[in-house]
Amino acid sequence: MIKITIIPGDGIGKEVMNAATHVLDSLELNLDYIYASAGYECFQKTGSTIPDETIKLTKKTSATLFGAVTTVPGHKSAIISLRKELDLYANIRPVKSYPGINSLFKDLDFVIIRENSEGLYSGLEDYTREGAVARRVITRRASERISRFAFDYAKKTGRKKVTAVHKANVLKKTDGVFKDSFYKVGEEYPDLEKEDFYVDATAMYFLTKPQIFDVLVTTNLFGDILSDEGAGLVGGLGLIPSANIGDKQGLFEPVHGSAPDIEGKGIANPVAMLLSTSMMLKYLKMEYEAENLEKAISAVLKNGKVVTPDLGGNYSTMDMAREVSKQIKIQN
Ligand code: ATP
Ligand code: MG
């Protein structure tokens, strides 16, 4: 039995998590779900947005499925705490088109890998007499670590090219370190093509010729912005999955939040959560099942009938989950 932590969270987080476990059940895997709490409701019950037991549990299991949490103003964010505690330094966001989705591009399949532990989001911000200043920390250790992660990811997933994104013409020292680390580590991967682009040019190419990309690796802020731009190329919030990976653990979550406006209606799109689940299975080396799940989701989207209102349908979250399960059975 492989143990995984399940943190449904708040709002539609809980609803899409029910969809995910329903579909996981239909794959008949040897998985043991251990539920843990975090978020707003958890705060109301326990006084903490992320109790120690939850953090301990995630450290004991190798993978965590995370729904979504509602922020409690003035209290630490559950997801940011988990990223720190588990040192989940790599954020992976696939940018992939699925047939049946009304999106800007129909032919995209690339991956953005964002450094998630330092950069401009290191939290080193101070007021000064003139205003304020934030420090952008770029270390060789973290730059080499994320580059190696990107190259290994490319190799493992049969991709051909890794593009480093930076702004080393202006941020000469910090992005100089990032770029040099990328090419240094790249020497260990002679079979992969390497290139680097400035972030501003990359933002434009996303709109003009996104088909050129395969795997991108970049620093925290640039990755944050490009990931959302990438999401905009292939569909709405309800579709986009993500993975947060460290050396020991992985945490998988939809990009969307808890969406209180549609909570309790049973109409949240489960696809982002289901694709995150597929990413988790791949991480757990259940490649066959991961692909099976993705194919089933893709088939349901392509068919376009049993889909939630955000995709133009009349069906509920669980209807869509059941349809994905049905599709899995058909494929097998
Ligand atoms: P957070 O504060 O965590 O970002 P949020 O309420 O702003 O939470 P978002 O995820 O940012 O939620 O989503 C913005 C809006 O997009 C939601 O209010 C909802 O209407 C819509 N939305 C988000 N996710 C989904 C989904 N899975 N299915 C359908 N609609 C969604
Ligand atoms: Mg939001």
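Residues numbered from 1 in each chain as written. Chains lettered and ligands numbered in written order. Predicted model: local features only at pLDDT ≥ 70, side-chain atom pairs only at ≥ 80, totals over all residues.

Notes on the pairing of strand β12 (residues 250–254)
Okay, so step 1: Within β12, five of the five residues are buried, which leaves it mostly tucked inside the rest of the structure.
Okay, so step 2: With three bridges connecting them, strand β3 (residues 63–68) and β12 associate as parallel partners. Paired with Ala63 across the strands is Gly250, a residue of β12.
Okay, so step 3: As judged from the five bridges shared by strand β11 (residues 241–245) and β12, these two strands associate in the antiparallel manner. (Buried ≥ 20, exposed ≤ 12 C-beta atoms within 10 Å, placed from the backbone. Helix = DSSP H or I, 4+ residues; strand = E, 2+ residues; numbered from the N terminus. Pairing = 2+ DSSP bridges.)

Quick notes on the sheet that holds β3
Okay, so step 1: Overall, mixed pairing links the 10 strands, which are arranged β2-β1-β3-β12-β11-β4-β5-β10-β8-β9 in an open sheet. One side of each edge strand has no neighbouring strand; the edge strands of this open sheet are β2 (31–35) and β9 (193–198). Averaged over all pairs of adjacent strands, the angle between strand axes in this sheet comes to 25 degrees, irrespective of strand direction.
Okay, so step 2: Across three bridges, the pairing between strand β4 (residues 90–96) and β11 is antiparallel. The residue bridging Asn91 from the neighbouring strand is Asn244, located in β11.
Okay, so step 3: With respect to the sheet, helix α6 (residues 174–186) is in contact with β8 (161–166), β9 and β10 (215–218), its orientation differing from that of β8 by roughly 165 degrees. (Axes fitted to C-alpha atoms, helices over the stretch in contact; angles between N-to-C directions. Contact = placed C-beta atoms within 7 Å.)

Section: the nonpolar core
Okay, so step 1: One finds Ile113 and Leu274 to be the most contacted residues of the largest nonpolar core, which totals 88 residues.
Okay, so step 2: It is helix α9 (residues 271–283) that contributes the most residues to this core, eight residues altogether.
Okay, so step 3: The residues contacting Ile113, other than those within four sequence positions of it, are Ala90, Ile92, Ile146, Phe149, Ala150, Tyr153, Val215, Leu216 and Val217. (Core = buried A, V, L, I, M, F, W, Y, C linked by C-beta atoms within 7 Å.)

A few points about unusual backbone geometry
Excluding glycine, a negative phi dihedral is what most residues carry, and trans is how most peptide bonds are arranged.
Okay, so step 1: Although it is not a glycine, Asp87 adopts a positive phi angle of roughly 50 degrees.
Okay, so step 2: Counting through the fold element by element, Asp87 comes out in the loop between α4 (78–85) and β4.
Okay, so step 3: Residue Asp87 is classed as partly exposed on the basis of its C-beta count, with 16 C-beta atoms lying within 10 Å.

Considerations on the site of ligand 1
Okay, so step 1: Within the structure, ligand 1 sits among 16 residues, and Gly238, His256, Gly257, Ala259 and Asn269 are positioned closest to it.
Okay, so step 2: Of the residues that constitute the shell around ligand 1, the class distribution is eight nonpolar, six polar and two charged. (Near = placed C-beta within 6 Å. Nonpolar A, V, L, I, M, F, W, Y, C, P; charged D, E, K, R; others polar.)

Some points on the confidence of the model for the protein
Okay, so step 1: Looking at the protein as a whole, its pLDDT mean stands at 96, while 100% of the residues score no less than 70.
Okay, so step 2: Reported confidences for the modelled complex are a pTM of 0.95 and an ipTM of 0.94. (pLDDT = per-residue confidence, 0-100.)

Considering α6
Okay, so step 1: When the terminal C-alpha atoms of α6 are compared, their 18 Å separation across 13 residues agrees well with the 18 Å that a helix rising 1.5 Å per residue should span.
Okay, so step 2: Where the residues of α6 are buried, they touch α5 (140–156), β8, β9 and β10. (Expected span 1.5 Å × (residues − 1).)

Overview of the UniProt feature "domain: Isopropylmalate dehydrogenase-like" (unreviewed entry) in the protein
Okay, so step 1: Residues annotated in UniProt with the feature "domain: Isopropylmalate dehydrogenase-like" (unreviewed entry) correspond here to residues 3–324.
Okay, so step 2: Helix and strand shares over residues 3–324 are 41% and 20% respectively, and the end C-alpha atoms of the span are 23 Å apart. (UniProt positions renumbered as here; feature names shortened; annotations may be inferred.)

Some words on the packing of α9 against helix α10 (residues 287–303)
Think of two packed helices as two axes; the pair is described by the angle between the axes and how far apart they sit.
Okay, so step 1: Relative to each other, α9 and α10 sit at 160 degrees, their axes nearing to 7 Å. Between α9 and α10, the crossing angle belongs to the class labelled roughly antiparallel. By crossing handedness, the relation of α9 to α10 is classed as left-handed. Note on element contacts: α10 touches α9 through Glu287, Glu289, Ala290, Leu293, Glu294 and Ile297, opposite Val271, Leu274, Leu275, Thr277, Ser278, Leu281 and Lys282.
Okay, so step 2: Split by residue class, the contact of α9 with α10 holds seven nonpolar, two polar and four charged. (Parallel < 35°, antiparallel > 145°, perpendicular 65-115°, else oblique. Left-handed = near helix turned anticlockwise from the far one by under 90°.)

Quick word on the packing of helix α1 (residues 12–26) against α9
Okay, so step 1: Packing of α1 against α9 brings their axes to within 9 Å, and their N-to-C directions diverge by 45 degrees. Judged on the interaxial angle alone, α9 and α1 are oblique. The crossing of α1 and α9 is right-handed. Facing Val16, Met17, Ala19, Ala20, Val23 and Leu24 of α1, the residues of α9 in contact are Met273, Leu274 and Thr277.

Concerning the environment of Val133
Okay, so step 1: As for its placement among the helices and strands, Val133 is situated in strand β7 (residues 132–134).
Okay, so step 2: In the structure, Val133 is positioned 37 residues away from Val170 in sequence and 18 Å away in space, judged by C-alpha atoms.
Okay, so step 3: Apart from residues lying up to four places away in sequence, Val133 is in contact with Asp126 and Thr128.

Looking at the environment of Leu27
Okay, so step 1: Among the secondary structure elements, Leu27 is positioned in the loop between α1 and β2.
Okay, so step 2: Leu27 sits in the buried class, given 20 other C-beta atoms within 10 Å.
Okay, so step 3: In sequence terms Leu27 and Asn292 are 265 residues apart; their C-alpha atoms lie 8.9 Å from each other.

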